[in-house]
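# A structural walkthrough
If you want the building blocks of each chain, they are given just below.
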Amino acid sequence: MNILKPPLYPKMHTDESPLGYLKRLAHTNSYYSYKWLLTPSSKESRQDGIMLEALKLCDWSGANSAYGTQKFVENLPYVHASLFIRFCPLCLQESEYWKAGWYLKTAFCCSKHQIWLEDKCYHCGQLQNRLSKVFLHCTCGMALYSAKPRKCPESVIQMQLFLENEKFEGRQELENLMPANHNLTLFQRIKLLELIARRVPNHAKLKRGMNIHLNTIETGKDAVIDTANALFAGRGGFMAFLSALQAMGRDNTTFVYDRFTLFYRDFYNTFEGREFDGYKKELEKFVNARVVTSLSRRNRLFSEETIRGHYWLPLEQAVREFKIPKSKLLGAINAGWIDAQKEEKGERDYILVNRPNLESRCFYINEQLTFMEAAIKLGVTRPQLHQLIAQGELKDVITPQRGGCSVWRISACEINQYLETLLSVPSSHLSEITPLPDILRRLGQKHSNLLITVLNSIRAASLAYMVDKRKIGIRSLMVNESQLLAILGNDNGIDGYSVPVVAKLLSVNAEFVYEIVNQGILLSEPGETANTKLINSGHLRLFQDEFVLLSKLSKVMELGSQTLMAYLAARYIYPIDKYREKKLRQKVYRRSDLAQLPFFEIYISDKLDWV
């Protein structure tokens, strides 16, 4: 492209637009169109960078001294240039030429006069194509500089100075997330502003491609204000921008992801320099504090510190990381102790747990025991624990509630204090002692509240006792049976229990008891009437000492029966009826077989109860 020398050729201003200079030459020489100066006239005339290089070859133009112009005439794609003429009316009043910075689509403000640029005729309201012959006057004849100046917000002024690569002198400089000494090119600065302008909530329809709303001052003004506030109003402005995106979700977009996710993915993938670290740091703080989702190393855009410190984590991860049983953590969530949300992934729902809540209340959650945990710690059966609670032995107890926590919550601290007080009474050295569990099995059906009677007698020092340190809690007590019988009225009880009574003692079906009696697994004696059988306490104790029911073991270990059975079979441990022709209604294992597995030893020695 060549530029012809006109008869009159004023020098180019240091910050003048190359296209505007050609129009000024045409106006000065009364040419109908600036294109008369171009040979040949082509689409290259749309590129200010190409026109500036052509003008530099003309020693009469003074273009080589246009240093202010040079920083705006990178060979940018045409989509970043405004479609219509933009101008500052005060600048045109002072000096009749177009400035190079006005032609950018992201330029909306005059940084010198701190007012909005104009792109319409103040008189007729027409927009003028930037490549038309119009220079200082609208086609209606009205002077463009007659427009009334309109004041710009401070953040928009700062955005314009950023676009012009000029330093902003103001109170917001210290709060700015963009460093003053950045090394961003004009293209990078434009891309940043266009990205934010496309994502701001005021942009009604979110779609890919060009920012067509930036084509005019009127349609782009709101988006520009929001963009300026997001980038140049400090931390508060950026956080408000992120909050607005999050609140909108997928509004006005047909994409799979919400507006916030679309923004940060584009932002991280497009801008990798250290100049953006301040924005990314605040964004990741926002993600940790406000975004209810799980993070893992698959979220490679975020730092390792952000992923580790994320406020929300999946339930399963919380169970592993904080070493809290799943049932206990779910109970705390249902009770409202821990904030939790559901996250949908495909057709499945996942529970997300609030990390700060969990960290601050972890002690209280661990301090609260489930019913089975409390029974194990106290060394009693489930019915016995119910009895202790009913008699007021334990007071810090929360029962399951409909619409609230669905599990029992019992204070571990109170249980520790209860056992410490109970077992702190000086014990005697006795030659005749009987384990308390044996006494409860034999005499419990005859005497109501027998356990409470024994405990009250020990506290009153009327019943001598010793402690078996190999056992836990109340089941470690061994008492003088003669003294106890005297306290109870010296009633020695019956010689044996009927099958229905044994079924009740074992908390099983009576038909099952008949089966094990008929097959000789549980020994019995003939009753007083025909076809009746009695099981004395010795036979019952032998059965409980030798055998374990799968259903009881599964319950106390909180494992499914099928899972537990498969685990044992893989280790060649089978129910006693495996090789029997007639199978039992319930699966029964020998304690001696289970004792081979260290993991089971504690359950079958102290923790497994026949309830």
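The following refers to the structure shown. (Residues numbered from 1 in each chain as written. Predicted model: local features only at pLDDT ≥ 70, side-chain atom pairs only at ≥ 80, totals over all residues. Heavy atoms only, no water.)

## Re unusual backbone geometry
Phi is mostly negative for residues that are not glycine, and the peptide bonds are mostly trans. Condition: Each helix is a run of H or I in the DSSP string that is no shorter than four residues. Each strand is a run of E no shorter than two, and both are numbered from the N terminus. Throughout this description, buried means an accessible area under 20% of the type-specific maximum (1.4 Å probe, protein chains only), exposed means over 50%, and partly exposed covers the range between.
Residues other than glycine seldom take positive phi values, yet Ser30 does so here, at roughly 60°. By the element assignment, Ser30 lies in the loop between helix H1 (18-28) and strand E2 (38-39). With relative accessibility at 65%, the residue Ser30 sits in the exposed group. In the Ramachandran plot, Gln114 falls in the positive-phi region, its phi being about 60° despite a non-glycine side chain. Checked against the element boundaries, Gln114 lands in the loop between strand E3 (109-110) and strand E4 (115-116).

## Quick notes on the packing of aromatic side chains
The condition that has to hold: The pairing test for Phe, Tyr and Trp rings, Trp by its six-membered ring, is centres within 6.5 Å, and the orientation test on the planes gives stacked under 30 degrees, edge-to-face over 60, and tilted for anything in between.
Here the structure, examined in full by the defined rule, presents 18 aromatic pairs. Arranged with centres 5.4 Å apart and planes meeting at 45°, the rings of Phe260 and Phe286 form a pair that is tilted. Taken as a pair, Phe260 in helix H9 (residues 259-270) and Phe286 in helix H10 (residues 277-290) lie far apart in primary sequence, 26 residues in all. Since its relative accessible area comes to 3%, Phe260 is described here as buried. The class of Phe286 is buried, set by a relative accessible area of 0%. Cluster of aromatic residues (ring-pair linked, three or more members): Phe238, Phe241, Phe260, Phe263, Tyr264, Phe267, Tyr268, Phe271, Phe276, Tyr279 and Phe286.

## A closer look at the environment of Met248
Structurally, Met248 can be placed in helix H8 (residues 234-248). A sequence separation of 11 residues divides Met248 from Arg259, and the C-alpha atoms of the two residues are 7.0 Å apart.

## Concerning the sheet that holds strand E8 (residues 368-369)
Each strand in a sheet pairs with its neighbour through backbone hydrogen bonds, running either in the same direction (parallel) or in the opposite one (antiparallel). Just so we agree on the cut-off: Here, a strand pair is defined by DSSP locating no fewer than two bridges between the strands.
Pairing is antiparallel across the open sheet formed by 3 strands, whose spatial order is E8-E10-E9. Edge strands, defined here as strands with exactly one partner in the open sheet, are E8 and strand E9 (397-398). Sheet topology note: the E9/strand E10 (residues 409-411) ladder contains 2 bridges and is antiparallel. Each bridged residue has a counterpart across the sheet, and for Val397 the counterpart in E10 is Ile410.

## Topic: the packing of helix H5 (residues 154-163) against helix H6 (residues 186-199)
Two numbers describe a pair of packed helices, the interaxial angle and the distance between the axes. Under the convention used in this document: To obtain an axis, a line is fitted to C-alpha atoms, over the contacting stretch when the element is a helix, and the angle between two such axes runs from 0 to 180 degrees between their N-to-C directions. Under this scheme an angle from 65 to 115 degrees is roughly perpendicular, one under 35 degrees roughly parallel, and one over 145 degrees roughly antiparallel; angles in between are oblique. We call two residues in contact whenever any of their non-hydrogen atoms come within 4.5 Å of each other. Three categories are distinguished: nonpolar for Ala, Val, Leu, Ile, Met, Phe, Trp, Tyr, Cys and Pro, charged for Asp, Glu, Lys and Arg, and polar for the others, with Gly belonging to the last.
Direction vectors running N to C along H5 and H6 enclose 150°, while the axes themselves pass 9 Å from each other. With respect to their mutual orientation, H5 and H6 come out roughly antiparallel. Facing Met159, Phe162 and Leu163 of H5, the residues of H6 in contact are Leu186, Arg189, Ile190, Leu192 and Leu193. Counted by class, the contact of H5 with H6 contains 7 nonpolar, no polar and 1 charged residues.

## Notes on the side chain of Asp48
For clarity, the cut-off: We call two N or O atoms a polar contact when they sit within 3.5 Å, provided that within protein one can donate a hydrogen and the other can accept it, with sequence-adjacent residues counted only if both atoms are side-chain atoms.
Mapped onto the elements of the fold, Asp48 is located in helix H2 (residues 48-56). A polar contact of 3.2 Å, which involves the side chain of Asp48, links it to the side chain of Ser17.

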